[in-house]
Amino acid sequence: MFDWLMYVKVFLVGGAICTVGELLVIFTKITPARILVCFIITGVVLSAVGLYGPLAAFAGAGATTPLTGFGHALCQGVKHAVEESGLIGAFTGGLSATAGGIAAAVFFGALAGFLFKPHSK
Amino acid sequence: MDKQRIHTDPKHYSWLTERFSPPSPVAPCLLRSFWVGGLICVLAQLITDTGTCWLKMTARDASSLSSIVLVFLTALLTGLGVFDKLGKYAGAGTFVPITGFANAMVSPALEFRREGLVLGLGAKLFSIAGPVLVYGVGSSVVYGLIYALFIR
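Residues numbered from 1 in each chain as written. Chains lettered and ligands numbered in written order. Predicted model: local features only at pLDDT ≥ 70, side-chain atom pairs only at ≥ 80, totals over all residues.

### Some points on the overall build of chain B
Right, so step 1: The secondary structure content of chain B amounts to nine helices and zero strands.
Right, so step 2: Of the regular secondary structure in chain B, the N- to C-terminal order runs α-α-α-α-α-α-α-α-α.
Right, so step 3: Here the C-alpha radius of gyration of chain B, 23 Å, is well above what a compact globule of 152 residues would show, namely 15 Å.
Right, so step 4: Along the first, second and third principal axes, the C-alpha set of chain B runs to 75 × 40 × 40 Å.
Right, so step 5: When burial is assessed residue by residue, chain B has 45% of its 152 residues classed as buried.
Right, so step 6: In chain B, the share of contacts with a sequence separation of at least 24, taken over all contacts with a separation of at least 6, comes to 51%. (Helix = DSSP H or I, 4+ residues; strand = E, 2+ residues; numbered from the N terminus. Rg over C-alpha atoms; globule rule 2.2 N^0.38 Å. Buried ≥ 20, exposed ≤ 12 C-beta atoms within 10 Å, placed from the backbone. Contact = placed C-beta atoms within 7 Å.)

As C-alpha cells, then:
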C-alpha cells in the first residue's frame, strides 16, 4: 500500500527544482523575489505547452509543491474552466484552483502578524 | 615562528585564510537546498496521501489540504523565528516550495505590523506575494484567452 518509490521520486524531483533556484541565487544576481516570479511564470508556460503535466504525474508533490507547481495549478485550472464554461473560465479557473493555498497564506499570514512579535535578526 | 607576521602583515594573513578556509561553498549550498527542498516535498506528498487514503478526499482537495498545512506550519515557524534560521541554512530549499510563498507573506506582516493594521500588516502581506500573484495569475489568464479563442 505504501509506495516507497513514489516518495523517492518526490524527493529527487522536488530537491532538483529547489537546487535550480539555489544555482540562480549563487551564480546570478537575481533576488529571491524575482526568482519566485520567474518560477511561477515558468510553471505556467511549461504547463501550457504540456510538459509539466507528465512531470507532475511522475513526481507528485515533488513537482506540485515548488512554485512552478503553483503555476501549473493556475494553468490547469484555467484550462479546465475554459473547457467547462468557455471564455469566462480564463478569468475564473486559475484562482479557484489555487484558492486553498492563497486563502491559507492570507489568513495565517495575517493571524501570525497579530499574534507574534517580529524577531531581531 | 610566523606568529608575528600573521599579526602584523594583512597580506600574509589573507593569504593564510584563503589557503586554509574550506573550498568555495557552492556544493554544500546546493546539497542543503536539495535535501531540505526534497524533504518539504516529501512532507507535502505525505499530507496528500493522508488526505486521499484515510480522509477519503478527492485528489484536488487533498492537494489543497497539503498546501494549507504547509502554509500553516510556515506561518507558525516564521512567527516563532525558527523559519528564518531554516531559511539561512537551506536557501532556495525553503523559498522555492510553497513554504517560501507563505514566508514571503508572513515575514513582512510581522515586521510592518507596527506601521498599522491596514497599511502596515494588510499591505505588506503582499509585498512579495503580490508580484508572484500578478505574474502568475496574469500569465494564466493570457494562456486561458489563447486557449479559449484559438486552441479549444
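### A short note on the overall build of chain A
Right, so step 1: The number of helices and strands found in chain A is seven helices and zero strands.
Right, so step 2: Written out in order from the N terminus, the α and β elements of chain A read α-α-α-α-α-α-α.
Right, so step 3: Expressed as lengths along the three principal axes of its C-alpha atoms, the size of chain A is roughly 50 × 40 × 35 Å.
Right, so step 4: Sequence separation of 24 or more characterises 55% of the internal contacts of chain A that already satisfy a separation of 6 or more.

### Points about helix H4 (residues 59–80) of chain B
Right, so step 1: A rise of 1.5 Å per residue sets the reference length of H4 of chain B, with its 22 residues, at 32 Å; its end C-alpha atoms lie 32 Å apart and thus fit the reference within 8%.
Right, so step 2: Looking one or two residues past H4 of chain B, Gly81 of chain B carries a phi angle of roughly 85°, positive in sign. (Expected span 1.5 Å × (residues − 1).)

### A word on the environment of His72 of chain A
Right, so step 1: Note that His72 of chain A resides in helix H5 (residues 67–85).
Right, so step 2: Beyond its immediate sequence surroundings of up to four residues, His72 of chain A is in contact with Gly43, Ser47, Tyr52, Ala56 and Thr64 of chain A.

### Side note on helix H7 (residues 98–111) of chain B
Right, so step 1: Compared with an ideal rise of 1.5 Å per residue, which puts 14 residues at 20 Å, H7 of chain B spans 20 Å between its outermost C-alpha atoms and is within 8% of the ideal.
Right, so step 2: A large share of H7 of chain B lies buried, amounting to 13 of its 14 residues.

### Details of the interface of chain A and chain B
Right, so step 1: The interface is formed by 62 residues belonging to chain A together with 61 residues belonging to chain B.
Right, so step 2: Of all the secondary-structure elements, those providing two or more residues to the side of chain A that touches chain B are helix H1 (4–27), helix H2 (32–48), helix H4 (61–64), H5, helix H6 (89–97) and helix H7 (99–115) of chain A.
Right, so step 3: Counting residues per element, the side of chain A that touches chain B draws most heavily on H1 of chain A, which supplies 14 residues.
Right, so step 4: Looking at the side of chain A that touches chain B residue by residue, the class counts come to 40 nonpolar, 18 polar and four charged. (Nonpolar A, V, L, I, M, F, W, Y, C, P; charged D, E, K, R; others polar.)

### What to know about the confidence of the model for chain B
Segments scoring low in pLDDT should not have their predicted coordinates read at a detailed level.
Right, so step 1: Averaged over all residues, the pLDDT of chain B is 88; the fraction at 70 or higher stands at 91%.
Right, so step 2: Across the interfaces of the predicted complex, the ipTM metric reaches 0.91, alongside a pTM of 0.86. (pLDDT = per-residue confidence, 0-100.)

### Focus on the environment of Phe39 of chain A
Right, so step 1: With respect to the helices, strands and loops of the structure, Phe39 of chain A is situated in helix H2.
Right, so step 2: Overall, the presence of 27 C-beta atoms within 10 Å leaves Phe39 of chain A in the buried class.
Right, so step 3: Excluding anything up to four places from it in sequence, Phe39 of chain A contacts Gly21, Pro66, Leu67 and Thr68 of chain A together with Val96 of chain B.

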